[in-house]
Amino acid sequence: MRRIEEEKSVVEQMIRLYCRRKEGNRSLCPSCQELLEYAQGRLDSCRYGDAKPTCKVCPIHCYRLEMKECIRTVMRWAGPRMILYHPVAAIKHLMREMHGKSMR
């Protein structure tokens, strides 16, 4: 899977986890759907492409301020829980963050 596609998958997993477990929704609520679409759009236009670092270590902050706060909230809550719900994705993401490079 291409790097951007992996990032899109991880972001979607985090947003869905947050919406389902934190907010108690069976499916994505309108605000989480908007955040998901926004995040995926930003990933589609990422200048780094498959060499993209994780968002935490990326030198370019490409989110609008309000969306940046929303995704931070989601990631703070969902990040620690990813190891329980999506362990492979969580471990790969952590490894990328620690090493600051793409893993295939």
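Note that the coordinates shown come from a computational prediction; the quantities given were computed from them, not determined experimentally.

Engineer: Give me the packing of helix 1 (residues 3-22) against helix 5 (residues 87-99): which residues, what numbers.
Structural biologist: As a packed pair, helix 1 and helix 5 sit with axes 11 Å apart at the nearest point and diverge in direction by 120°. The orientation of helix 1 with respect to helix 5, classified from their angle, is oblique. As for how helix 1 packs across helix 5, the hand of that crossing is left-handed. On helix 5, the residues that touch R3, E6, E7, V10 and Q13 of helix 1 are A89, K92, H93 and R96. Taken together, the residues that form the contact of helix 1 with helix 5 break down as two nonpolar, two polar and five charged.

Engineer: Could you give an account of the pattern of salt bridges, with specific residues and numbers?
Structural biologist: Here the structure, examined in full by the defined rule, presents nine salt bridges. As a salt-bridge pair, D44 and K8 come within 2.6 Å of each other at their nearest N and O atoms. With D44 in helix 2 (residues 30-44) and K8 in helix 1, this residue pair connects regions lying 36 residues apart in the sequence. For D44, a relative accessible area of 54% gives the class exposed.

Engineer: How would you summarise the packing of helix 1 against helix 2 if you had to cite specific residues and measurements?
Structural biologist: The axes of two packed helices give the description: the angle between them and the distance between them. Closest axis-to-axis distance for the helix 1/helix 2 pair is 10 Å, and the angle between their directions is 165°. With respect to each other, helix 1 and helix 2 are oriented roughly antiparallel. Relative to helix 2, the crossing made by helix 1 is right-handed. Of the residues in helix 2, those touching helix 1 at I4, E7, K8, V11, E12, I15, R16, Y18 and C19 are C32, L35, L36, A39, Q40, L43 and D44.

Engineer: Tell me what's going on with a nonpolar patch on the surface, and back it up with residues and numbers.
Structural biologist: There is a patch of nonpolar side chains on the surface, built from I83, L84, Y85 and I91 and spanning about 400 Å² of accessible area. Considering every element that reaches the nonpolar patch, the biggest residue donor is helix 4 (residues 82-85), with three residues. For Y85, the location among the structural elements is in helix 4.

Definitions and cut-offs
Residues numbered from 1 in each chain as written. Predicted model: local features only at pLDDT ≥ 70, side-chain atom pairs only at ≥ 80, totals over all residues. Heavy atoms only, no water. Axes fitted to C-alpha atoms, helices over the stretch in contact; angles between N-to-C directions. Helix = DSSP H or I, 4+ residues; strand = E, 2+ residues; numbered from the N terminus. Parallel < 35°, antiparallel > 145°, perpendicular 65-115°, else oblique. Left-handed = near helix turned anticlockwise from the far one by under 90°. Contact = heavy atoms within 4.5 Å. Nonpolar A, V, L, I, M, F, W, Y, C, P; charged D, E, K, R; others polar. Salt bridge = Lys/Arg side-chain N within 4 Å of Asp/Glu carboxyl O. Buried < 20%, exposed > 50% of the residue type's maximum accessible area, 1.4 Å probe, protein only. Patch = residues over 30% accessible without salt bridge, like charges linked within 9 Å, V, L, I, M, F, W, Y side chains within 5 Å. Areas by Shrake-Rupley, 256 points an atom, 1.4 Å probe, with all protein chains shown as cover.

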